[in-house]
Amino acid sequence: MTTEMTQKPQDDHDSNAEYGLGNDKQYGRPDDEKVIDFIKIAKPMAILSIILTIASIFFIATKGLNLGLDFTGGISAELNYSQAATQSDVVNALEQNGFADPVVQTLGSERDMLVRMPPQEASIEDLTGQITQAATLPNNPVSVLKVDSVGSQLGNELYVRSAGAVALAMVLMLIYVTIRFEFKLAIGAVLSLFHDIIIILGFFALFQWPFDLTVLAAILAIIGFSLNDNIVVSDRIRENFRKIRDATPREVVNISLTETLRRTLHTSLTLMLVVLAMMFLGGDSLHWFAVAMFIGVVVGTYSSIYIGTAFALWRGLNRQDFIVQIKPEFEEDEVEIP
């Protein structure tokens, strides 16, 4: 009997070690790996996010987006120069000859250019001659390979379909996270995605930066980036709720965020290096894509913590949400043996 009683505390200690219940507040983690109390500043961060979201909606409603030719329609022309040319020289030449707001992009080489301009009243044949004359550079003649006209109706249809694609992506992500993890985490993830998109659009509306298909592609990429970060954090929260038995929900969330912090920083910083390279070295064609990605990475990194998980915690996230409950009809009744 004595041997059994002295052995039991040792068994309990082994069980605690297995479930991460070593010392207070660390729950089996080494003493030099302190748990960061992320939720401590959840309220100030939530207030900041609300202010940014309201301001972004205000600028979008009052100033609107500076939609590019992809959405408003216009003229596109493919140019081929006999020698290498710069985008700025082509833009200046077109503006000096009466073509307003031209957008010039390279097409694989410095001799091939794609020019997009607002709608013109002239016919395609007349435009071909006018663009040839206007885009010719000193000692560098140009050939206009193709001129296309994109109507405003097609641009509006593309704009509506783009908004529908973003909305559909968010709905599908809500369903996925709900099935994979828990509805409270799913709502938090979708709110963080909505928050990221609105703030990106708010910056573009405030500064009237051009909003075209490349920026839309950046928004879709940020949705995937932010969702991936939310899924990683949600998976660790689910694992720790099942493994750590006597910690409060706030402690479990802080532990999970601390354990995923290194991975989050590595992913965000690596992506940021690529984004900065595109922003400063990618040329005009990638500049606004990189700007949208830069804003999205910064905002998406903190929104997965202070919107996604903080909202779920505020909604009462607890261990019971991740434990499979046994239905009453499958529970075994205790039978006393006389």
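Please read these numbers as outputs of a predicted model, since none were measured by experiment.

Novice: Give a detailed account of the packing of aromatic side chains, specifying residues and quantitative values.
Specialist: In total, this model carries eight aromatic pairs according to the counting rule given. Between Phe311 and Trp314, the aromatic rings sit 5.7 Å apart at their centres with planes inclined by 50°, giving tilted as the arrangement. Of this pair, Phe311 and Trp314 both sit in helix α10 (residues 284-314), three residues apart, which is roughly one turn of the helix. A connected cluster of aromatic rings, assembled from ring pairs, spans Phe203, Phe204, Phe207, Trp209, Phe211 and Trp288.

Novice: An account of the pattern of salt bridges is requested, with residue identities and associated values reported.
Specialist: Taken as a whole and judged by the stated rule, the model has eight salt bridges. Measuring nitrogen to oxygen at the nearest pair gives 2.9 Å for the salt bridge that ties Arg263 to Asp229. Taken together, the positions of Arg263 in helix α9 (residues 249-281) and Asp229 in helix α8 (residues 213-243) put the pair 34 residues apart, joining distant regions of the chain. The exposure class assigned to Asp229 is buried, which follows from its relative accessible area of 3%. The salt bridge involving Glu259 is made with Arg236; its shortest N-O contact spans 3.0 Å. Of this pair, Glu259 sits in helix α9 while Arg236 is found in helix α8, placing the two residues 23 residues apart along the sequence. The exposure class assigned to Glu259 is partly exposed, which follows from its relative accessible area of 28%. Arg236 sits in the partly exposed class, given a relative accessible area of 26%. Salt bridges sharing partners connect three or more residues here, namely Arg236, Glu239, Lys243 and Glu259.

Novice: With reference to specific residues and values, describe the pairing of strand β3 (residues 103-106).
Specialist: Across four bridges, the pairing between β3 and strand β4 (residues 112-117) is antiparallel. Note that in β4 the partner of Gln105 across the bridge is Leu114. In this antiparallel pair of consecutive strands, β3 and β4, the connection spans five residues, and Gly108 shows a positive phi of 90°.

Novice: Any details on helix α4 (residues 87-96)? Residues and values, ideally.
Specialist: In an α-helix, one turn spans 3.6 residues; hence positions three or four apart end up facing the same way. Those residues of α4 that fall on the buried side of the exposure criterion are Gln87, Val90, Val91, Ala93 and Leu94. The buried side chains of α4 occupy one side of the element, clustering within an arc of 165° when seen end-on. At its buried positions, α4 is contacted by β2 (74-81), β3, β4, α5 (124-135) and α10. A positive backbone phi angle near 95° is found at Gly98, which sits one or two residues after α4.

Novice: I'd love a proper account of unusual backbone geometry, names of residues and values included.
Specialist: The phi torsion at Asp101 lies on the positive side, around 50°, for a residue other than glycine. One can find Asp101 in the loop between α4 and β3. Take Asp101: its relative accessible area is 58%, and that puts it in the exposed class.

About the cut-offs
Residues numbered from 1 in each chain as written. Predicted model: local features only at pLDDT ≥ 70, side-chain atom pairs only at ≥ 80, totals over all residues. Heavy atoms only, no water. Phe/Tyr/Trp six-rings, centres within 6.5 Å; stacked < 30°, edge-to-face > 60°. Helix = DSSP H or I, 4+ residues; strand = E, 2+ residues; numbered from the N terminus. Salt bridge = Lys/Arg side-chain N within 4 Å of Asp/Glu carboxyl O. Buried < 20%, exposed > 50% of the residue type's maximum accessible area, 1.4 Å probe, protein only. Pairing = 2+ DSSP bridges. Arc of directions from axis to C-beta. Contact = heavy atoms within 4.5 Å.

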